[in-house]
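Structural overview
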Amino acid sequence: MTEPSSERTRWTIHGERLVDENPHIRLSIASVELPDGARFEQYVFRMRRCAMTIVLDETGESILLIWRHRFIVDQWDWEAPGGYVDPGEDGAAAAAREAEEETGWRPRSVKFLLSYQPMVGSADAPQDIYVAYGADHVGEPELDEAEEVRWVPISEAQEMIARGEIMGAATIIGVMHAAAERAAATGRIG
């Protein structure tokens, strides 16, 4: 089997013009040419790095989730705490800060799990996921962050995904990671 050419299907960008930007997002329009010569314009979103924390209890049986309304999709959902990494801020520090601000729980340790791009066809929006085992209750969540904060058993969180009560990719990845770790630790799959 031969390796495919790394350039055969590469798109050519002839330029990108700014539409709008703020400290969190940059919106532009790119002039794109496909390998077959077809040309078009496409919106491109570039966002600041975000860090989310999958906070698990010491046993890895439950995950700390927040209940919040997301106005863009006009739905309530359960999600892992997270937010923007400030300029010059360490990702793990941002993940711990966001978890505390949004839940009132301070993670005891935060370890990097993975990075991903949630909308790679339209956006450059780097998302880092961190995992923490154990947390100390240090206060209440900031007013604008969460309607409710709850420790949810991993098996229940999996059911919440199936019912559409958990929609965010980072939270889904985190729940599936925790379920896989639990299964590996117990020797049970599923």
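Scroll up for the structure.
What comes next is a walk through the structure. (Residues numbered from 1 in each chain as written. Predicted model: local features only at pLDDT ≥ 70, side-chain atom pairs only at ≥ 80, totals over all residues. Heavy atoms only, no water.)

On to the nonpolar core. Ile54, Leu56, Ile63 and Ile166 are the most contacted members of the largest nonpolar core, which has 20 residues in total. Those elements giving two or more residues to this core turn out to be β4 (50-56), β5 (62-70), β11 (127-133), α2 (154-162) and α3 (169-186). Contact partners of Ile166, with chain neighbours within four places excluded, come to Leu65, Trp78, Ala157, Met160, Ile161, Thr171, Ile172 and Val175. The next biggest cluster of nonpolar side chains, apart from the first, holds five residues, and it includes Ala51, Val85, Ala95 and Tyr130. (Core = buried A, V, L, I, M, F, W, Y, C linked by side-chain atoms within 4.5 Å. Buried < 20%, exposed > 50% of the residue type's maximum accessible area, 1.4 Å probe, protein only. Helix = DSSP H or I, 4+ residues; strand = E, 2+ residues; numbered from the N terminus. Contact = heavy atoms within 4.5 Å.)

Enumeration over the complete set of coordinates arrives at five aromatic pairs. Here Trp11 and Phe40 contribute two aromatic rings whose centre-to-centre distance is 5.8 Å and whose plane-to-plane angle is 85 degrees, an arrangement assigned as edge-to-face. Residue Trp11 is found in the segment before β1 (12-21), and its partner Phe40 is found in strand β3 (residues 39-47); the two are separated by 29 residues along the sequence. With a relative accessible area of 28%, Phe40 lands in the partly exposed category. Ring geometry for Phe112 versus Tyr130: centroids 5.5 Å apart, planes at 75 degrees, classification edge-to-face. Remark: Tyr130 occurs in strand β11 and Phe112 occurs in strand β9 (residues 111-116); sequence separation between them is 18 residues. A relative accessible area of 49% places Phe112 in the partly exposed class. (Phe/Tyr/Trp six-rings, centres within 6.5 Å; stacked < 30°, edge-to-face > 60°.)

Empty space within the largest pocket amounts to approximately 1200 Å³. Lining the largest pocket are 31 residues; nearest its centre among them are Met47, Arg70, Ile72, Glu79 and Gln127. Broken down by secondary-structure element, the contributors of at least two residues to the lining of the largest pocket are β3, β4, β5, β6 (75-79), β7 (82-84), α1 (91-103) and α3. Grouping the amino acids of the lining of the largest pocket by side-chain chemistry returns 18 nonpolar, six polar and seven charged. Quantified by volume, the second largest pocket comes out at close to 210 Å³. If you trace the second largest pocket, you find it lined by Trp11, Ile13, Ala30, Val32, Gln42, Val44, Arg46, Val120, Gly121, Ser122, Ala123 and Asp124. Elements supplying a minimum of two residues to the lining of the second largest pocket: β2 (25-33), β3 and β10 (123-124). Considering every element that reaches the lining of the second largest pocket, the biggest residue donor is β3, with three residues. For the lining of the second largest pocket, a count of residues per class yields seven nonpolar, three polar and two charged. (1 Å grid on protein atoms, 1.4 Å probe; cavity = no way out; pocket = protein on both sides within 12 Å on 5 of 7 lines; lining within 4 Å. Points joined across faces, edges and corners; volume = space filled by probe spheres on them. Nonpolar A, V, L, I, M, F, W, Y, C, P; charged D, E, K, R; others polar.)

Within the span of α2, buried status applies to Ile154, Ala157 and Met160. The arc that holds the buried residues of α2, viewed along the axis, is 105 degrees, so those residues lie on one side. Here the buried face of α2 lies against β4, β5, β6, β13 (148-153) and α3. Phi for Gly164, located one or two positions after α2, is positive at around 80 degrees. (Arc of directions from axis to C-beta.)

The periodicity of an α-helix, 3.6 residues per turn, causes residues three or four places apart in sequence to face the same way. Across its 18 residues, α3 extends 26 Å between first and last C-alpha, which sits within 8% of the 26 Å expected from 1.5 Å per residue. All of the buried residues in α3 are Ala170, Thr171, Gly174, Val175, Ala178, Ala179 and Ala183. Following α3 by one or two positions, Gly187 adopts a phi angle in the positive range, close to 80 degrees. (Expected span 1.5 Å × (residues − 1).)

The subject of this paragraph is the sheet that holds β1. Spatially, the four strands line up as an open sheet ordered β1-β2-β3-β10, and their pairing is mixed. With partners counted over all chains shown, the strands left at the sheet margins are β1 and β10, one partner each. Direction of pairing for β2 relative to β3: antiparallel, over a ladder of nine bridges. Counted as the bridge partner of Ser28 is Val44 from β3. (Pairing = 2+ DSSP bridges.)

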